[in-house]
Amino acid sequence: MLKTLLQFGERSPLLRNSRLLRTCFKTKFAVAFSSYKPLLPKSNKGIRESKYFVDYKEVEVYGGDGGDGCMSFMKIPRVEFAGPDGGDGGNGGHVIFIASNMKKSLNHLDSPVKGIRGVDGGPQNCHGATMDHTYIQVPMGTVISSISGQELANLECDGDYYVAGRGGAGGRGNKFYLSNENRGPSVAEKGAKGEHQRLRVELRTMANVGLIGFPNAGKSTLLRAITNAKPKVAAYPFTTRNPFVGIMEFSDHKQMTVADIPGLITGAHKNLGLGFSFLQHIQRCTCLLYVIDLSYTEPWTQYKALQYELEQYQQGLSTRPCLIVANKIDLSVAEKNLEVLKAHVDLPVLAVSAAKRIGLEELMIEIRELYERYEVDSTKTDAENKAS
């Protein structure tokens, strides 16, 4: 098929020098000689939009209150002073955050989170039941801190947990206070209140790769093309107001997470618009993909402006492993603008069309190689630090 297409391209004067045809050939060549094959998602037409990704939440946590103790006296025929028989109240349940590899986002977290109250004690020495703990699953890599910013827990591995709200102890019934000196105690305890905390829950790493760019650059369309995520796509800017994360898959069962970050604007580092909240999402991505719109006559200015915003927000953020993705290569002006872009930047530039699904397999291979180089470098750095 590739040979037939090449022969057709050589015969056709319209396609002989076409950037579109050369991009297609380059993609087929890269995939053919790779040890793994990118798995493009099937068409997701007609599938409803997925829930957006959440990487930060503030929650109030209340441990379950303890059950009240009971004040009661035994009632036995022909026994006037049978003694106390009030049971103790049950303990309230804890609220526990536990790391799970089955969770990827914090969008299921609601506030407040309340533990279950212990059961009150009853007459005839009936003690109240101690209630089960409330487990809240969070993704691995979740950091829990107080409102003041003090880090309380770092849930790195599957099964790591943090007791966020301890349940209150159950109150004692009047039977507990029976003694030789006091044969008829008429006092019982109230159950203790559960622990109350207001916490910040955030993901330290949101995704392996983050797509950043100005509004209407085609980030959401690209995410839909290379993953099964379904962010909203429309022909106007600021369609995406919350980040979406999709899973990019390969034939050797390797998976990578890709995040669609809402579009930045000039002055985002000064918190113009929703600048800080958008930039915080970028801070939690390991590698960055600058998505550049080739319909603009000076496309390199988009890249320079994005780099400036990242560096002004946090020094060194723009130096993370990155690639430039030149989107909308199918447009008539794209070929000329692509050459101009390559002349003004010193990073690899990959030409794709997310809408027409051109160059996507080559892009997925480049993304994986970029991330694997980062993993090797970080492993070497960690080993050197431990040795020193």
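Above this text you will find the structure in question.
Everything numeric in this text was worked out from a predicted model, so none of it was measured.

## Thoughts on a nonpolar patch on the surface
A contiguous nonpolar patch, built from Met74, Ile76 and Val79 and spanning about 210 Å² of accessible area, is present on the exposed surface. Along the chain, isoleucine 76 turns up in the loop between strand S2 (56-62) and strand S3 (95-100).

## Quick look at helix H7 (residues 360-387)
Between the first and last C-alpha of H7 there are 41 Å, a value that for 28 residues agrees with the 40 Å anticipated at 1.5 Å per step. Those residues of H7 that fall on the buried side of the exposure criterion are Leu360, Glu361, Glu362, Leu363, Met364, Ile365, Ile367, Arg368, Leu370 and Tyr371.

## Observations regarding the sheet that holds S3
Spatially, S5-S3-S8 is the arrangement adopted by the three strands of the open sheet, whose pairing is mixed. The open sheet is flanked by strand S5 (134-139) and strand S8 (161-165), the only strands paired with a single partner. The sheet shows a mean angle of 30° between the axes of neighbouring strands, direction not considered. Strand direction decides the pairing type here: S3 and S8, joined by four bridges, are antiparallel. The residue of S8 that forms the bridge with isoleucine 98 is tyrosine 161.

## Structural notes on the nonpolar core
By size, the foremost hydrophobic cluster in this structure holds 48 residues, and its most contacted members are Phe97, Tyr290 and Leu341. In this view, phenylalanine 97 contacts Val59, Val61, Leu109, Ile136, Val138, Ile144, Leu155, Asp160, Tyr161, Tyr162, Ala164 and Leu199; residues no more than four positions away in its chain are not counted. Within the second largest apolar cluster, 29 residues are counted, among which are Tyr36, Met248, Val352 and Tyr371.

## What about the state of the cysteines?
In protein structure, a disulfide is the covalent linkage between the sulfur atoms of two cysteines. This model, assessed by the stated rule, comprises zero disulfides. As a non-bridged cysteine, cysteine 287 has cysteine 322 as the owner of its nearest cysteine sulfur, 8.8 Å distant. Taking the relative accessible area as the measure of exposure, cysteine 287 reaches 0% and is therefore buried. Looking at cysteine 322, the relative accessible area reads 11%, which means it is buried.

## A look at the sheet that holds strand S6 (residues 142-146)
Taken in spatial order, the five strands of this open sheet run S4-S2-S9-S6-S7, and their pairing is mixed. Of all the strands in the sheet, just strand S4 (113-114) and strand S7 (151-155) have a single pairing partner and so form its edges. In terms of strand pairing, S2 meets S4 through two bridges, oriented parallel. By the bridge assignment for S4, tyrosine 62 is matched with lysine 114.

## A short note on helix H5 (residues 300-313)
Compared with the 20 Å implied by 1.5 Å per residue over 14 residues, the 20 Å span of H5 between its first and last C-alpha is a close match. Every buried residue of H5 is listed here: Trp300, Gln302, Tyr303, Leu306, Glu309 and Leu310.

## Some points on the side chain of asparagine 208
Residue placement: asparagine 208 occurs in strand S10 (residues 207-212). On the accessibility criterion, asparagine 208 (14% relative accessible area) is buried. In contact with asparagine 208, not counting residues within four places along its chain, are Met256, Thr257, Thr286, Cys287 and Tyr371.

## Some words on the packing of helix H3 (residues 219-226) against H7
To characterise two packed helices, one gives the angle between the axes of the helices and the distance between these axes. Here H3 crosses H7 at 90°, and the two axes come no closer than 11 Å. Between H3 and H7, the angle is such that the two are roughly perpendicular. On H7, the residues touching Leu222, Ala225 and Ile226 of H3 are Leu360, Leu363 and Met364.

Cut-offs used in this document
- Residues numbered from 1 in each chain as written.
- Predicted model: local features only at pLDDT ≥ 70, side-chain atom pairs only at ≥ 80, totals over all residues.
- Heavy atoms only, no water.
- Patch = residues over 30% accessible without salt bridge, like charges linked within 9 Å, V, L, I, M, F, W, Y side chains within 5 Å.
- Areas by Shrake-Rupley, 256 points an atom, 1.4 Å probe, with all protein chains shown as cover.
- Salt bridge = Lys/Arg side-chain N within 4 Å of Asp/Glu carboxyl O.
- Helix = DSSP H or I, 4+ residues; strand = E, 2+ residues; numbered from the N terminus.
- Expected span 1.5 Å × (residues − 1).
- Buried < 20%, exposed > 50% of the residue type's maximum accessible area, 1.4 Å probe, protein only.
- Pairing = 2+ DSSP bridges.
- Axes fitted to C-alpha atoms, helices over the stretch in contact; angles between N-to-C directions.
- Core = buried A, V, L, I, M, F, W, Y, C linked by side-chain atoms within 4.5 Å.
- Contact = heavy atoms within 4.5 Å.
- Disulfide = S-S within 2.5 Å.
- Parallel < 35°, antiparallel > 145°, perpendicular 65-115°, else oblique.

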